[in-house]
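The residues making up each chain are set out below.
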Amino acid sequence: MKKKVALILAALLCSATVAATMAGCGNESTAPASTSETSAVASETASETAATTVTLEEVRAANDVAAVLKDHTAITMETTNMNSDTGDVTAKFTSQYTVEDGKAVYKEISKDSKDNMIYSTETSDGASYTAFYENNKISQKLLTVVPEAEYDAYINTLKNPFVSSAKDDEKEVSCVPQDDVLILETTCSDPNLDDYTFNRYYYVDPQTKLVKAFVEETVDKDKKVISTQTVNYTYDSPVSMETEAKASISGDEVKDLYKVSAIITTVGETSGGQEMQEFKVAKGTYISVYTTDDQKSTTYTTLKDNEPSDPVEFFEVTKDDSTVYFTIEAK
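Given the structure is predicted, the values throughout are model-derived calculations rather than measurements.

This paragraph deals with the overall build of the protein chain. Assigned secondary structure in the protein chain consists of six helices and 18 strands. Out of the 331 residues belonging to the protein chain, those deemed buried represent 46%. By sequence separation, contacts in the protein chain at least 24 residues apart represent 60% of the contacts at least 6 residues apart. Carbon and sulfur atoms make up 47% of the accessible area of the protein chain, which amounts to about 16800 Å² in all.

This part takes up the sheet that holds strand 18 (residues 322-330). Here we have five strands laid out as an open sheet, ordered 13-12-18-15-16, and mixed in their pairing. Two strands close off the open sheet at either side, each with one partner strand: strand 13 (273-282) and strand 16 (307-312). Each adjacent strand pair in this sheet contributes to an overall mean axis angle of 40°, direction not counted. Pairing analysis gives five bridges linking strand 15 (residues 295-304) to strand 16, with the strands arranged antiparallel. Paired with Lys-304 across the two strands is Glu-307, which belongs to strand 16.

Attention now goes to the pattern of salt bridges. Pairing between side chains of opposite charge can happen when the charged atoms of each approach one another. The final tally for this structure, using the stated rule, is eight salt bridges. Glu-170 serves as the salt-bridge partner of Arg-60, at 3.1 Å between the closest nitrogen and oxygen. Linking Arg-60 in helix 3 (residues 56-62) with Glu-170 in the loop between helix 5 (151-159) and strand 7 (171-178), this pair joins segments that are 110 residues apart in sequence. By relative accessible area, Arg-60 is classed as partly exposed at 24%. Overall, Glu-170 belongs to the buried group, its relative accessible area being 9%. Salt bridges linked by common partners bring Arg-60, Glu-170, Arg-200 and Glu-216 together as one network.

On to the pairing of strand 18, then. When strand 12 (residues 257-266) meets strand 18, the two strands line up parallel, connected through seven bridges. Opposite Thr-266, over in strand 18, you have Ile-328 as the bridge partner. One ladder, built from six bridges, connects strand 15 with strand 18; its direction is antiparallel. Note on strand 18: the bridge partner recorded for Ser-297 is Ile-328.

So, on to the nonpolar core. Note that soluble globular proteins tend to have their nonpolar side chains buried in a common cluster. One finds Ile-75, Tyr-97, Tyr-202 and Tyr-233 to be the most contacted residues of the largest nonpolar core, which totals 27 residues. Within the second largest apolar cluster, 24 residues are counted, among which are Ala-262, Phe-279, Ile-287 and Val-324.

Non-glycine residue Asp-101 carries a positive phi angle of around 55°. Locating Asp-101 in the fold gives a position in the loop between strand 2 (89-100) and strand 3 (103-112). Even without a glycine there, the phi angle at Lys-223 is positive, about 65°. Of note, Lys-223 is situated in the loop between strand 10 (211-219) and strand 11 (225-235). For Lys-223, a relative accessible area of 69% gives the class exposed.

Attention now moves to the side chain of Ser-95. Here Ser-95 is to be found in strand 2. In this structure Ser-95 comes out as buried when scored by relative accessible area, which is 4%. Once residues lying within four places of it in the same chain are set aside, the contact partners of Ser-95 are Ile-75, Thr-76, Met-77, Tyr-106, Lys-107, Glu-108 and Met-241.

The next point concerns the environment of Ile-328. Locating Ile-328 in the fold gives a position in strand 18. Owing to a relative accessible area of 1%, Ile-328 belongs among the buried residues under this scheme. With 30 residues separating them in the primary sequence, Ile-328 and Thr-298 have C-alpha atoms 6.7 Å apart. Dropping the residues within four chain positions of it, Ile-328 is found in contact with Pro-147, Ile-264, Thr-265, Thr-266, Val-267, Val-289, Tyr-290, Thr-291, Gln-295, Lys-296 and Ser-297.

Rules of the game
- One numbering rule holds for all chains: residues counted from 1, following each sequence as written.
- Restriction of local features to residues with pLDDT of at least 70 applies here, the model being predicted, together with a cutoff of 80 or more for giving and counting side-chain atom pairs; totals for whole chains, interfaces and linings are based on all residues.
- With hydrogens and water stripped out, all remaining heavy atoms of the structure feed into the side-chain values.
- Helix and strand assignments follow DSSP, with helices taken as H or I runs no shorter than four residues and strands as E runs no shorter than two, numbered in order from the N terminus.
- A simple rule labels every residue: compare its accessible area, found with a 1.4 Å probe on the protein chains alone, to the largest value its type can have, and call it buried under 20%, exposed over 50%, or partly exposed in between.
- Contacts: residue pairs with any heavy atoms within 4.5 Å of one another.
- Accessible surface is estimated by sampling points in the Shrake-Rupley manner with a 1.4 Å probe; for residues, cover comes only from the protein chains shown.
- In this description, strands pair whenever DSSP reports at least two bridges between them.
- To define axes, lines are fitted to C-alpha atoms, for helices over the stretch in contact only, and angles between the resulting N-to-C directions are given on a 0 to 180 degree scale.
- Put simply, a salt bridge is a Lys or Arg side-chain nitrogen that is within 4 Å of an Asp or Glu carboxyl oxygen.
- In this description, a nonpolar core means a group of buried Ala, Val, Leu, Ile, Met, Phe, Trp, Tyr and Cys residues linked to one another through side-chain atoms lying within 4.5 Å.

Here's what the structure looks like:
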């Protein structure tokens with residue numbers, strides 16, 4: 001069971017890391033499909049104001065979720081993962097941001113090549129709810145508690161794998177215009193994946209600097225592209241996103257709904273301290289805590305002399321009025 005849960009957690013927390021594209025900078029035949037921005041209105045001065053180049057820093061700033069949602073009602077992403085050897089689609093994702101009660105809400109549905117459910121997830125009440133599937137039936141449930149100070153950063157990285165601090169070594173290679181976009185090419189690595197490097201291509205609107213498409217080549221140590229991810233973005237055209245994630249974990253129809261308190265202690269941070277979040281979740285739900293790429297966490301189940309003790313790999317809710325302790329510190 002522990003091995004299975006470890007794989008599930010790894011899949012959730014690292015799903016965006018192994019992805020790629022066969023698209024080359026300036027190659028029209030391999031470019032991803034263009035997306036439409038319903039809010040973009042052509043003007044007579046468009047050609048005069050459009051940028052002729054863009055930097056990675058500008059792209060990251062322009063695509064901050066909170067900033068984008070000030071001017072757009074929805075951000076919708078259609079993602080395809082492909083095996084570069086066979087050309088077979090290995091997974092498909094539909095994900096979307098909307099605003100509810102003044103706060104960004106994220107939902108995602110993942111399916112395999114045969115349209116079987118892999119997982120669904122949604123954010124609510126400062127946490128992330130995820131349901132994993134086997135044979136199109138929910139097999140595991142995960143609640144990820146997000147420290148209040150980290151919620152905005154957490155929300156932002158769900159949409160933008162390219163703003164993750166895990167790839168701070170990302171370097172610009174080139175930026176060239178093609179048709180109605182600027183193609184920014186970069187390269188980077190991941191400290192958690194020593195044997196892989198990533199070639200990235202951002203298809204950027206020259207006026208707004210919004211990303212219209214994002215593709216990434218995952219390259220192994222033999223310099224071979226092994227997988228492909230393509231993400232197409234649309235704005236202001238929300239799609240129906242009915243997920244079972246939150247309902248299956250904390251919905252009114254859950255039979256065994258148990259109270260759990262999560263006590264989070266952040267060590268050595270300027271914004272450090274302790275906070276407690278309380279939830280009612282289904283029996284058997286696993287509880288984890290969100291950390292940034294430069295942090296690590298330890299999970300505890302008990303206190304000894306007012307200090308957390310008995311660390312565990314995973315915490316599963318098995319009884320009512322249970323408590324889990326998380327300690328977060330720098331790596």
